[in-house]
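The primary structure of each chain is shown beneath.
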Amino acid sequence: RESIEISRRMLRFGEEGIAFDRMAILLHNPHDYRPHLEEALARAGIPAHFARGAVRPDPAGRAFLALLACAAEGLSARRFAEYLSLGEVPTPMPDGSPPPAPASADRWIAPDEELVPAVIANALGTPHPTLDAQKGAELGIGRRTDDSRAPVTAGSLRAPRRWERLLVDAAVIGGRERWERRLNGLERELHLQRDEQEDAEGPTAQRIQTDLDSLQVLRDFALPLLDTLEALPDSASWGTWLDQLGALASRALRHPDRILAVVSELAPMESIGPVTLSEVQRVLSNRLTDVSIPPSTNRYGRVFVAPIEAARGMSFDVVFVPGLAERMFPLKIREDPILLDAARTQLAKAGFPLRTNTDRIRDERRSLRIAVGAASQAVVLSYPRLDLDQSRPRVPSFYALEVLRAAEGQLPGFDELAQRAESTSDARVGWPAPADPHDAIDEAEYDLALLDTLMRLEEEQSIGTARFLMTTNPHLGRALRFRARRWLQGWTVADGLVKPSPTAREAMAAHALSARSYSPTALQHYASCPYKFFLQAIHRLQPRDVPEAIEELNPLQRGSLVHEVQFELFNKLRDDSLLPIDAKNLPAARLALDTILDRVATRYRDELAPAIDRVWDDGVDHVRADLREWLRRAAEDESGFVPWRFEFSFGLPGRRERDPHSIPEPVDLECGVRLRGSIDLVERDEQNRLRVTDHKTGRVRATKTAVVGGGESLQAVLYALVAERAFPEASVTSGGLYYCTATGGFAHREVTLDRRAREYVQQVADTVGTALTEPFLPAAPKKGACRFCDYRVVCGPYEELRTARKWAVPLEGLTAIRELP
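Remember, it's a predicted structure, so these values are computed and weren't measured experimentally.

Draft legend 1. Looking closely at the packing of helix α9 (residues 203-230) against helix α10 (residues 238-252). Packing of α9 against α10 leaves a shortest axis separation of 11 Å and a crossing angle of 165 degrees. On the basis of their axis angle, the class for α9 and α10 is roughly antiparallel. Of the two possible hands of crossing, α9 and α10 adopt the one that is left-handed. Contacts between α9 and α10 involve P224, L225, T228 and L229 on the former and, on the latter, L248, R251 and A252.

Written as structure tokens, this is what we have:
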């Protein structure tokens with residue numbers, strides 16, 4: 001805001017007849033103010049000459065720093081994915097490997113910030129820093145090429161879109177040996193999935209083959225590059241480091257010139273060392289994160305923006321000096337903690353003068369005098385009134401008080417100075433526009449300031465006054481209409497899948513309940529929020545996965561571990577004739593449980609790569625205690641039901657761990673739903689009755705009397721209906737949810753498969769089926785459903801509030817199933 005206020009004040013001086021090149025902005029903290037001033041002056045249309053050049057983000061430099069971080073963090077897959085995302089992947093060689101590094105002499109590029117390249121550029125008659133390629137090569141200063149518009153061919157994508165997903169699927173995480181092992185493991189997994197496909201030419205088989213091709217390209221490119229990163233020394237002289245860094249940049253980056261120029265700049269340090277990789281990162285981070293754009297050769301006709309020291313001997317009509325806030329100008333003066341001022345004073349007496357706090361204070365005062373002395377007509381001093389980083393107000397420094405005392409003859413207090421600043425500037429946090437539209441520096445500020453004025457008028461006076469915004473910018477008009485429609489009482493296209501076009505209806509026909517399969521979890525999302533169901537089950541949107549070492553088991557990983565151990569344990573007990581579990585065979589079952597848990601946990605450790613072994617071991621011990629208690633309770637079960645089918649899947653042909661009697665096709669239920677999923681446990685008694693159980697590892701969500709739980713607890717009933725269709729010779733008595741851990745208190749929620757349960761499921765299926773057929777899937781969340789929803793970033797934070805204003809009749813079916821027990 002301070003930079004924008006400076007731009008606004010400059011425009012006023014310009015209206016008074018002062019030329020821009022007679023104005024200057026002198027900075028005590030150039031690093032903090034320069035990017036904000038660049039944006040503010042550009043928005044205001046004020047030409048500026050930055051004496052130290054402008055700064056822009058440098059994707060090549062950031063990609064190179066990501067690679068160094070990848071090496072420092074043990075070949076981290078997260079850092080490698082960051083490198084991929086920056087679009088600096090070079091065109092690989094025919095064998096898929098990164099391009100080879102040229103010889104050291106061919107990699108040399110003159111440092112951008114030295115005088116030599118500028119002199120050569122002038123001699124060549126070309127603007128610096130873009131040098132004539134042929135003449136520059138003759139002079140040995142390297143080549144600068146830009147292939148940003150080069151065609152993108154198959155296998156040579158600059159930012160391969162599938163590679164990041166493959167890294168997540170392979171659970172690479174880090175380590176050279178792990179990279180190769182996990183990529184090979186993913187390849188075997190994809191080959192198995194492809195071999196299981198009945199239609200070798202079908203879309204699923206083609207997708208798997210595409211993943212295999214992408215995986216091969218990733219392996220050919222990534223593994224040689226990782227070898228280069230792994231070969232970086234732990235500690236070496238700068239000469240060794242510069243040679244290694246130049247070779248790495250030439251192999252790994254599409255535009256390595258900037259990095260090679262920085263390497264050349266550091267060449268005088270080659271004899272210094274040894275230095276570590278972390279020290280190399282610290283030295284390069286400031287130089288490579290952003291790229292400096294050299295200033296224009298002619299500053300006239302432009303506002304002069306420079307550090308205060310650069311204004312020595314210069315004169316301007318108007319000078320702006322920002323940043324006169326506490327601890328900013330002047331900086332907080334501190335002694336050197338290594339060599340205190342007392343010791344420095346003694347050294348000065350011996351003929352070795354060193355700077356002390358007295359010198360530092362004198363330099364700060366001199367900076368103020370230089371800045372103020374450069375102005376011949378007016379000087380504008382300012383300070384930021386808010387520190388947004390720390391969420392606290394700022395106070396002016398005592399330099400501002402001294403300037404006012406010198407100008408007015410009296411010393412104001414801090415409160416008075418703050419009031420004067422408040423009355424001079426009308427900037428507000430959260431509303432980036434002035435109070436008067438005529439003070440706006442660009443169209444956006446003018447529109448916001450005008451809206452602020454119109455919102456204070458009576459409704460009769462403001463109707464239609466901002467109509468110009470709807471036609472001036474079509475994107476703004478569309479956004480405003482969209483936002484306005486979301487708050488209308490009626491349902492509109494802005495509320496989700498409402499009032500679809502014929503094309504949308506045709507596309508949704510393929511997602512009818514009878515046309516494709518759904519999982520019980522997906523159907524449960526409808527009761528929570530129809531739009532969430534639409535995004536998850538239809539669009540298949542999901543949060544982005546990042547390969548990273550875990551610190552502890554999250555609920556999903558813990559549940560997967562428990563289910564896999566239970567599956568292997570049941571198979572082991574069945575093969576050893578130890579079912580049903582009773583007090584007699586409980587010791588043998590417990591021994592088998594410990595053996596299987598150790599084996600499965602070792603496999604999970606390899607896939608998840610825990611960052612802290614002790615935390616991981618504690619998590620596995622908690623799982624072991626829960627499973628032992630679950631096993632003990634199973635031995636005390638006297639219901640007569642014996643485990644019969646384990647991980648009985650249907651509609652999941654690619655599932656690895658499943659009962660051999662599983663069904664590859666989805667199951668069509670009488671209620672009209674095609675269902676896919678996996679039943680954790682089917683038990684049978686001597687009367688050929690079946691009991692279906694789904695194991696849960698979290699907190700108890702279902703009440704004791706729940707049947708479908710308001711449409712959010714469908715698994716028990718739906719899985720019981722599936723068992724009834726899959727095993728017609730048997731009688732299914734019930735479906736249940738067993739919270740088989742201490743977190744869930746080992747609670748059992750059983751739902752009898754009676755007429756009432758069937759009617760409730762039919763009602764849910766009819767409601768969801770109608771919503772898909774019409775289709776009508778608005779954002780209508782249940783109370784509290786948005787709090788932990790993954791799609792909150794899509795909808796925004798006000799969905800519950802908006803839905804309360806909507807016409808309730810179209811939601812009668814949804815409301816009815818939410819009221820079901």
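Draft legend 2. Quick look at the pattern of salt bridges. The full count for this structure, using the stated rule, is 52 salt bridges. Put simply, D618 and R614 hold a salt bridge, and the shortest N to O gap is 3.4 Å. Of this pair, D618 and R614 both sit in helix α26 (residues 613-635), four residues apart, which is roughly one turn of that helix. Owing to a relative accessible area of 61%, R614 belongs among the exposed residues under this scheme. Where salt bridges share partners, they join E5, R8, R43, D442 and E445 into one cluster.

Draft legend 3. Quick peek at the pairing of strand β17 (residues 689-696). With six of its eight residues buried, β17 lies for the most part within the structure. As defined by bridge partners, strand β16 (residues 677-684) adjoins β17 across four bridges and the pair is classed as antiparallel. Each bridged residue has a counterpart across the sheet, and for R684 the counterpart in β17 is L690. Here β16 hands over to β17 after four residues, with N688 in that stretch at a positive phi of 60 degrees. Relative to strand β18 (residues 731-739), β17 runs parallel, the two sharing eight bridges. Within β18, the residue paired with T693 across the bridge is G736. As for the winding sense of the linkage, the β-α-β connection from β17 through helix α27 (residues 715-726) to β18 is right-handed.

Draft legend 4. Representation of the nonpolar core within the structure. In this structure, L523, F533, L772 and L777 are the most contacted members of the largest nonpolar core, which totals 69 residues. Excluding residues that lie within four positions of it along the chain, L772 makes contacts with M508, H511, L513, Y518, F533, I538 and L777. One finds L65, A77, I109 and V263 within the second-largest nonpolar core, a separate group that totals 57 residues.

Draft legend 5. Up close: a positive patch on the surface. On the surface, R327, K332, R334 and R392 cluster together to form a positively charged patch. Mapped onto the secondary structure, R334 falls in the loop between β8 (316-321) and α13 (341-349).

Draft legend 6. Spotlight on the environment of T204. Along the chain, T204 falls in helix α9. Note: C-alpha distance between T204 and Q193 (eleven residues apart in sequence) is 9.4 Å.

What counts as what
- Residues numbered from 1 in each chain as written.
- Predicted model: local features only at pLDDT ≥ 70, side-chain atom pairs only at ≥ 80, totals over all residues.
- Heavy atoms only, no water.
- Axes fitted to C-alpha atoms, helices over the stretch in contact; angles between N-to-C directions.
- Helix = DSSP H or I, 4+ residues; strand = E, 2+ residues; numbered from the N terminus.
- Parallel < 35°, antiparallel > 145°, perpendicular 65-115°, else oblique.
- Left-handed = near helix turned anticlockwise from the far one by under 90°.
- Contact = heavy atoms within 4.5 Å.
- Salt bridge = Lys/Arg side-chain N within 4 Å of Asp/Glu carboxyl O.
- Buried < 20%, exposed > 50% of the residue type's maximum accessible area, 1.4 Å probe, protein only.
- Pairing = 2+ DSSP bridges.
- Right-handed = clockwise from strand over helix to strand, strands pointing away.
- Core = buried A, V, L, I, M, F, W, Y, C linked by side-chain atoms within 4.5 Å.
- Patch = residues over 30% accessible without salt bridge, like charges linked within 9 Å, V, L, I, M, F, W, Y side chains within 5 Å.
- Areas by Shrake-Rupley, 256 points an atom, 1.4 Å probe, with all protein chains shown as cover.
- Lys, Arg positive; Asp, Glu negative; His and termini not counted.
- Charge placed at Lys NZ, Arg CZ, Asp CG, Glu CD.

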